[in-house]
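Examining the three-dimensional arrangement
Listed here are the chains, written in short residue letters.
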Amino acid sequence: MHSRAKSRIVITIGLVAVLALAAWSSTSGASGAPHALPKAHPAGQCSSSDTGPGNPANPLDTPGFTGTDPLSGAHLFVESPWQYGGDAADAIANEVGLGYLSAEESGTPIPWARFEARVNKMHLSRAVSYRVHELEKIGNYPQAHQFSLYTAGGSGSAIFTQVQNYLCRMQRTDPGAAAEMTTYFVKHGGGCNPEDNPNFDAEVNAFKDAVGNFPALIFVEEDAIDTICWRSPAAVSEREAQLKYEIDQLSQLPHALLYVEGGTSDANSPAEAARVLNASDAYKIRGFFTNDTHFNWAYKEIKYGNKVSALTHGLHFVVDTRGDGNGPLLNPHPVTQGIEQLCNPPGRGLGPEPGASDGQSYGMYSPHLDGFVWVTTPGESAAPTCPGRSTHYAASGIFDGGIAIGYASRANNRIGASPRFNSDRW
């Protein structure tokens, strides 16, 4: 399966420079071993005023919430321009000649809606106007901000600082919003050999401490199940232990809505994924997410999610639709190449818009489907060596405006190739 070291190295290092915050020394622990670690990070730069107890039915504390789907009506943070090398908002600022520093007012980030209104009043050339319009299809939605073992060196204290930087910026930009974040602390790339990240426990603990009482939608460990070497019992057991530790820790956050990576329908069997989820204490959180780093049709992921849910005592799930509008690009030799092309496949488009589900998506009954999400920002490059990149960075997970505009221009909101799955949204 495709393992992407999706750091946002340029962004995270830049944020330290912008905010003049230093990174402290790291504290490490034995991966998967639940124990208390001494804090090596500084006091938080900001904190949430939401100090009340958590509500399992409404973990994000959405005002006026009714119903059973915690994503319904949730007010999630939509990024505005801040740091070069970032997401669609940054790309728009650069397109119109503002730049991220010019897009700030008195050192405070401009909320997305105000920035978009400002851009839409500008007199732009036809070519720039087209690119801005396409990028706005992405910028209008919240995208998960990832924190990984590569973030600012990967130490626990550095993770704490970077998470706080993001949350403080959200608090200044849109104090009523809930954060949207992804973790990537598991080390991948070892094949069937167990591969330990010595900082794993420290990173998880620092992430937890930095989030604190903030309301947050958290996608736990992208690629966690999708990259398991199933023929190695040791590798499977190690991944179960890592996920168990992280779930046990993050499930203590009072206002967090958590989904852990649950594999994909064209890479994992429902029984295998359910085995790991059950062994990882996934019952302590809302559920799992599917299709991250893949481009499989959403209807197949919904069917897969229903099966996994039935094997995990009714866990709920969400489907990543950032690039599945045209379905996957299938490889000619699936045994040796993998079923679908994951390395910036050409011709992909935005799928269904992010949002809560009513359990009846496109005529497919799925009472455990909470909705569609973007676990990563549409337009992030899979790896430095992947084709189709219009910019040149040394790390994967870096936003590429050319790829993003391609996705947006082909947005179609379908969950499958059949006409019955079509929609006129977008």
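Residues numbered from 1 in each chain as written. Predicted model: local features only at pLDDT ≥ 70, side-chain atom pairs only at ≥ 80, totals over all residues. Heavy atoms only, no water.

Examining the overall build of the chain
Summing up its helical and strand segments, the chain has 12 helices and 12 strands in all. When burial is assessed residue by residue, the chain has 59% of its 426 residues classed as buried. If you take every contact in the chain between residues at least 6 apart in sequence, the share linking residues at least 24 apart comes to 78%. Summed over all atoms, the accessible surface of the chain reaches about 16000 Å², with 54% contributed by carbon and sulfur. (Helix = DSSP H or I, 4+ residues; strand = E, 2+ residues; numbered from the N terminus. Buried < 20%, exposed > 50% of the residue type's maximum accessible area, 1.4 Å probe, protein only. Contact = heavy atoms within 4.5 Å. Areas by Shrake-Rupley, 256 points an atom, 1.4 Å probe, with all protein chains shown as cover.)

What to know about the confidence of the model for the chain
Interpretation of this model should avoid reading the predicted coordinates in detail wherever pLDDT is low. Per-residue pLDDT for the chain averages 85, and the proportion of residues at 70 or more is 84%. The low-confidence segment residues 2-39 (pLDDT under 50) makes 125 contacts with residues lying over four places distant or belonging to another chain. (pLDDT = per-residue confidence, 0-100.)

Topic: the nonpolar core
General note: in soluble globular proteins, nonpolar side chains tend to be found buried as a group. In this structure, Val163, Met181, Phe207 and Ile218 are the most contacted members of the largest nonpolar core, which totals 58 residues. The biggest single contributor to this core is helix α6 (residues 156-173), with seven residues. Those residues in contact with Met181 that lie beyond four places of it in its chain are Ala144, His145, Phe147, Val163, Tyr166, Leu167, Phe207, Val211, Ala216, Leu217, Ile218 and Phe219. Counting residues in each nonpolar core, the second largest holds 28 residues, with Ala89, Leu98, Trp374 and Ala404 among its members. (Core = buried A, V, L, I, M, F, W, Y, C linked by side-chain atoms within 4.5 Å.)

Observations regarding the pairing of strand β5 (residues 216-220)
The element β5 is largely enclosed, with a buried count of five among its five residues. Relative to β5, strand β4 (residues 179-184) runs parallel, the two being bridged by four bridges. Within β5, the position partnered with Met181 by the bridge is Ile218. As a crossover connection, the stretch from β5 through helix α8 (residues 233-250) into strand β6 (residues 256-261) is right-handed. (Pairing = 2+ DSSP bridges. Right-handed = clockwise from strand over helix to strand, strands pointing away.)

What to know about α6
Spanning 18 residues, α6 covers 26 Å between terminal C-alpha atoms, matching the ideal 26 Å at 1.5 Å per step. With 16 of 18 residues buried, α6 is to be regarded as a mostly interior element. (Expected span 1.5 Å × (residues − 1).)

Re the packing of helix α7 (residues 200-211) against α8
Remark: α7 packs on α8, axes separated minimally by 10 Å, with the N-to-C direction vectors making an angle of 20°. In terms of orientation, α7 and α8 fall into the roughly parallel class. Where α7 crosses over α8, the two elements pack in a sense that is right-handed. Listed contacts from α8 to Phe200, Asp201, Val204, Asn205, Phe207 and Lys208 of α7 are Gln242, Tyr245, Glu246, Gln249 and Leu250. (Axes fitted to C-alpha atoms, helices over the stretch in contact; angles between N-to-C directions. Parallel < 35°, antiparallel > 145°, perpendicular 65-115°, else oblique. Left-handed = near helix turned anticlockwise from the far one by under 90°.)

With respect to the packing of helix α4 (residues 112-120) against helix α5 (residues 126-139)
Two numbers describe how α4 lies on α5: the axes approach to 12 Å, and their chain directions differ by 170°. When the interaxial angle is binned, α4 and α5 end up roughly antiparallel. Seen from α4, the contacting residues are Trp112, Glu116, Val119 and Asn120; seen from α5, they are Val132, Glu136 and Gly139. Counted by class, the contact of α4 with α5 contains three nonpolar, two polar and two charged residues. (Nonpolar A, V, L, I, M, F, W, Y, C, P; charged D, E, K, R; others polar.)

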